[in-house]
Amino acid sequence: MSHFSAPHPASATHPDQAAPRVVVNQEMPPLVEARLQAEFQAPPRPAITMTPDDLLAATQAFRPDALMITVGMKLAADLVQALPDSVRMIANVGVGYDHIDRQALARRGILLTNTPDVLTECNADLTFMLILGACRRASEYGAVIRAGWGRPLGMTELLGIRVAGKTLGIVGMGRIGRAVAQRARGFGMQVLYCNRTRLAPELEQGARYVADLAEMLPLTQVLSLHAPGGAETENLIGARELALLPDQAVLVNAARGGLLDEEALFAALDTGRLSAAGLDVFRNEPDIDPRFLEHPRLFMTPHVGSATIETRTAMGMRALDNIASVCAGGPALDAVTR
Ligand code: 8YV
């Protein structure tokens, strides 16, 4: 079933029940905007995200039942503390929620929901784009073409790394990690994974579990990160971990910038421990470290894992499903509980 035609069972508002009030920090895709207009009450929102101060001002003025926010909106403790009592829930448009102070929400009794599942395929596609782009020197080839090409390349010039036959090490084998593993099999890669717990064989699909990250890294030629962000996984991959990879390894991160120690990454690129990296996420988005611009062997995208019309629409709809259900006295469909 297409995301566009998916029914929204939770959204049927009873005729005499007031439409839920929502403050949204930025414009949503057209079908989500249309549903917001038809079934919810929401004040205007800018094309690009509001600042936290603007969000707070809009929320205090409008007194919504729910906030619907994207990953660029940091909900720190002081902002949560200042929210009016009307706010019952935060519907995060995204699967990751490390930009939200959950303890502060819990203190206020405010519910948090996210949008799992609907972005799995697109995030896995983008991860594979990073793997291929990093291994096959996509940035440099693009630069050659854009400079007018002009002369034949030599037989040994700008050679990349063959993906088929390589071993992919996946850190975090949740939905997205598993979707990446599925693609990797199609590309002829062997798959290892490191996860808090071992998966059932039907979910492993032939991937090999290595409980200890330090044991997996020396066997890994392409390392891909799919763990959640936050304090628990901060700098999960640093100098020590990169030193355990074989020479000329490739690192890919489409999860969260905080998983990777960027100083260690630059050092590993300089020494050749890493031959290339593919990055969609960064520690200081959107003002990334200027050194990222200098490395030719980096293939980078600006945090766009879920950026397709189908997926962003499905994410917005899922957030609205959650709001509609809770405001109608029903359950949260995707409550974040840990
Ligand atoms: C963003 C993401 O949510 O789902 C996540 O965790 O990081 C992204 O999909 C998206 O850019 C909208 O905020």
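Overview of the structure. Worth saying up front: this structure is predicted, and the values here are computed from it rather than measured.

## A short note on the site of the ligand
Argument step 1. Every residue near the ligand is listed here: Thr 70, Val 71, Val 93, Gly 94, Val 95, Gly 96, Leu 119, Arg 256, His 303, Ser 306, Arg 312 and Met 315.
Argument step 2. Between an oxygen atom of the ligand and a main-chain N or O atom of Val 95, the distance comes to 2.7 Å.
Argument step 3. Considered on its own, the ligand offers 330 Å² of accessible surface; in the complex 90% of this is hidden by protein.
Argument step 4. Across the shell around the ligand, the residue classes break down as 5 nonpolar, 5 polar and 2 charged.

## Things to note about the sheet that holds strand 11 (residues 298-300)
Argument step 1. Spatial ordering of the open sheet is given by 7-6-5-8-9-10-11, a layout of 7 strands whose pairing is parallel. Looking at which strands have only one partner, the edges of the open sheet turn out to be strand 7 (208-209) and strand 11.
Argument step 2. Relative to strand 7, strand 6 (residues 190-194) runs parallel, the two sharing 2 bridges. When the bridges of strand 7 are listed, Tyr 193 appears paired with Tyr 209.
Argument step 3. Against the sheet, helix 5 (residues 120-135) touches strand 5 (167-171), strand 8 (222-225), strand 9 (249-253), strand 10 (274-279) and strand 11, its axis set at about 150° to strand 9.
Argument step 4. Each of strand 9, strand 10 and strand 11 touches helix 11 (residues 262-271); the most contacted strand, strand 10, lies at about 140° to it.

## Some words on the packing of helix 1 (residues 30-39) against helix 12 (residues 309-327)
Argument step 1. It is at 8 Å that the axes of helix 1 and helix 12 come closest, and there the two elements cross at 20°. As the angle between them shows, helix 1 and helix 12 are arranged roughly parallel. Residue-level inspection shows Pro 30, Leu 31, Val 32, Arg 35 and Leu 36 of helix 1 in contact with helix 12, the latter providing Ile 309, Thr 313, Gly 316, Met 317, Leu 320, Asp 321 and Ala 324.
Argument step 2. Its residues placed into classes, the contact of helix 1 with helix 12 shows 8 nonpolar, 2 polar and 2 charged.

## Describing the packing of aromatic side chains
Argument step 1. Applying the stated criterion to the full structure yields 4 aromatic pairs.
Argument step 2. Plain terms: the ring middles of Tyr 193 and Tyr 209 are 5.1 Å apart, the flat faces sit at 40° to each other, and that makes the pair tilted. One end of the pair, Tyr 193, is in strand 6; the other, Tyr 209, is in strand 7, and 16 residues separate them in sequence.
Argument step 3. Three or more aromatic residues joined by ring pairs form one cluster here, namely Phe 266, Phe 282 and Phe 292.
Argument step 4. Against the face of Phe 62 rests Arg 21, its NZ or CZ located 4.0 Å from the ring centre.

Thresholds, definitions, all that
Residues numbered from 1 in each chain as written. Predicted model: local features only at pLDDT ≥ 70, side-chain atom pairs only at ≥ 80, totals over all residues. Heavy atoms only, no water. Near = heavy atom within 4 Å. Polar contact = N/O pair within 3.5 Å; in protein donor to acceptor, adjacent residues only side chain to side chain. Areas by Shrake-Rupley, 256 points an atom, 1.4 Å probe, with all protein chains shown as cover. Nonpolar A, V, L, I, M, F, W, Y, C, P; charged D, E, K, R; others polar. Pairing = 2+ DSSP bridges. Helix = DSSP H or I, 4+ residues; strand = E, 2+ residues; numbered from the N terminus. Contact = heavy atoms within 4.5 Å. Axes fitted to C-alpha atoms, helices over the stretch in contact; angles between N-to-C directions. Parallel < 35°, antiparallel > 145°, perpendicular 65-115°, else oblique. Phe/Tyr/Trp six-rings, centres within 6.5 Å; stacked < 30°, edge-to-face > 60°. Lys NZ or Arg CZ within 6 Å of the ring centre and 35° of its normal.

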